[in-house]
Amino acid sequence: MPSTKYPSFLFLLFLTAPLFASAARCDKADKSALLAIKTAFNNPPDLSSWTSKTSCCTWNGIDCNATTGRVTSLTIFALNISAPIPSAISKLTALQSLNLAYNRLNGPIPPFIGLLPELTFLRLDGNLLTGTIPSTLTILDLSLVGNRLTGSLPPSFAKANFADVDLRDNQLTGDASFLFGRDKNLNALHLSNNSFKFDLTNADKC
Ligand SMILES: *[C@@H]1O[C@H](CO)[C@@H](O)[C@H](O)[C@H]1NC(C)=O
Ligand SMILES: *[C@@H]1O[C@H](CO)[C@@H](O)[C@H](O)[C@H]1NC(C)=O
Ligand SMILES: *[C@@H]1O[C@H](CO)[C@@H](O)[C@H](O)[C@H]1NC(C)=O
């Protein structure tokens, strides 16, 4: 009897549609920012799933908060992308994790990365980044291994709450001893293959 099937079909639609919508929900502004990042990276073939027709939460390398649809994690790993770090990343203000390791990213690390309020995990290792480390970059888990970073560490690092910091294989200089100390929560610190000059006068206090 079609008259009884019709309502039950409607009921099913009503039940499943909101579930589907929340799984696929994607913040509009975050989606625009991601599409701008894709353009700034010259539309790499590996990001072909990133199209305006689909929810950004289903794209390769993206995780979202299911409630808000905000992008919480962005991974563009080992795609040999040759470009500066795009300014559109500054719009992804719910990012907790950003991994752009093993590309050919060049130019400086923009200070806005360290100002993303939720960011606790940053990997920029294995790129061609130059310049000094911005003072904002006091991120809990931080890897900058194997770039061309120069200059001394920002004084802000002395007060930072770090867990894992990896700065190996750069051209960093100056005194890094302020990263050590018994008041630190550091889990791991890697500094080798730089040109640091250490003052470990107070190392016995560690
Ligand atoms: C998603 O965002 C909401 C609102 O900001 C927050 O309360 C919730 O903890 C987030 N969920 C996860 C899994 O982080
Ligand atoms: C990576 O890109 C550079 C140019 O930017 C190119 O010379 C090199 O062959 C590429 N490597 C791979 C593995 O595609
Ligand atoms: C030191 O770091 C540079 C990159 O900055 C790298 O090319 C070189 O292989 C590293 N040397 C050692 C001994 O790991």
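Check the entry above for the structure.
Predicted, not measured: the structure shown is a model, and the values here were computed from it.

Thresholds, definitions, all that
- Residues numbered from 1 in each chain as written.
- Chains lettered and ligands numbered in written order.
- Predicted model: local features only at pLDDT ≥ 70, side-chain atom pairs only at ≥ 80, totals over all residues.
- Heavy atoms only, no water.
- Salt bridge = Lys/Arg side-chain N within 4 Å of Asp/Glu carboxyl O.
- Helix = DSSP H or I, 4+ residues; strand = E, 2+ residues; numbered from the N terminus.
- Buried < 20%, exposed > 50% of the residue type's maximum accessible area, 1.4 Å probe, protein only.
- Core = buried A, V, L, I, M, F, W, Y, C linked by side-chain atoms within 4.5 Å.
- Contact = heavy atoms within 4.5 Å.
- Pairing = 2+ DSSP bridges.

So, on to the pattern of salt bridges. All chains considered together, the criterion is met by four salt bridges. Residues Arg70 and Asp27 are paired through a salt bridge, measuring 4.0 Å at the closest nitrogen-oxygen approach. Taken as a pair, Arg70 in the loop between strand E1 (62–64) and strand E2 (71–75) and Asp27 in the loop between helix H1 (2–24) and helix H2 (28–40) lie far apart in primary sequence, 43 residues in all. The partner of Asp30 in a salt bridge is Arg70, and the shortest N-O contact between them spans 2.9 Å. Residue Asp30 is found in helix H2, and its partner Arg70 is found in the loop between E1 and E2; the two are separated by 40 residues along the sequence. By relative accessible area, Asp30 is classed as buried at 1%.

This next bit is on the nonpolar core. Of all hydrophobic cores here, the largest spans 48 residues; its most connected members are Leu34, Leu74 and Leu137. At the level of elements, H2 and E2 are the ones that each hand at least two residues to this core. Of the residues forming this core, the biggest block, three residues, is contributed by H2. Setting aside anything within four residues of it in sequence, one finds Leu137 in contact with Ile109, Ile113, Gly114, Leu122, Leu142, Leu144, Phe157 and Phe162.

Next up on the list: unusual backbone geometry. Despite not being glycine, Asn43 shows a phi value in the positive range, around 50°. Assignment of secondary structure puts Asn43 in the loop between H2 and E1. In this structure, Tyr102 is a non-glycine residue whose phi angle is positive, near 55°. Within the fold, Tyr102 resides in the loop between strand E3 (97–99) and strand E4 (106–107). On the basis of relative accessible area, Tyr102 is assigned to the partly exposed category, the value being 46%.

What follows is about the pairing of strand E10 (residues 171–174). The alternating pattern of E10 places Leu172 and Gly174 on a buried face and Gln171 and Thr173 on a face that is not buried. Pairing of strand E8 (residues 148–151) with E10, which is carried by two bridges, proceeds in the parallel orientation. Bridge pairing in E10 links Gly151 to Leu172. Sheet topology places E10 next to strand E12 (residues 195–196); two bridges connect them, and they run parallel. Note on E12: the bridge partner recorded for Thr173 is Ser195.

This part takes up the sheet that holds E10. To summarise the sheet geometry, strands pair through backbone hydrogen bonds and adopt either a parallel or an antiparallel arrangement. Here five strands make up an open sheet; going across it, the order is E4-E6-E8-E10-E12 and the pairing parallel. On the outer flanks of this sheet lie E4 and E12, each paired with one strand and no other.

Let us look at the pairing of strand E6 (residues 128–131). Summarising the sheet, E4 and E6 pair through two bridges and their orientation is parallel. Within the sheet, the bridge partner assigned to Asn106 lies in E6 and is Leu128.

Just geometry here; none of it tells us what the structure is for.
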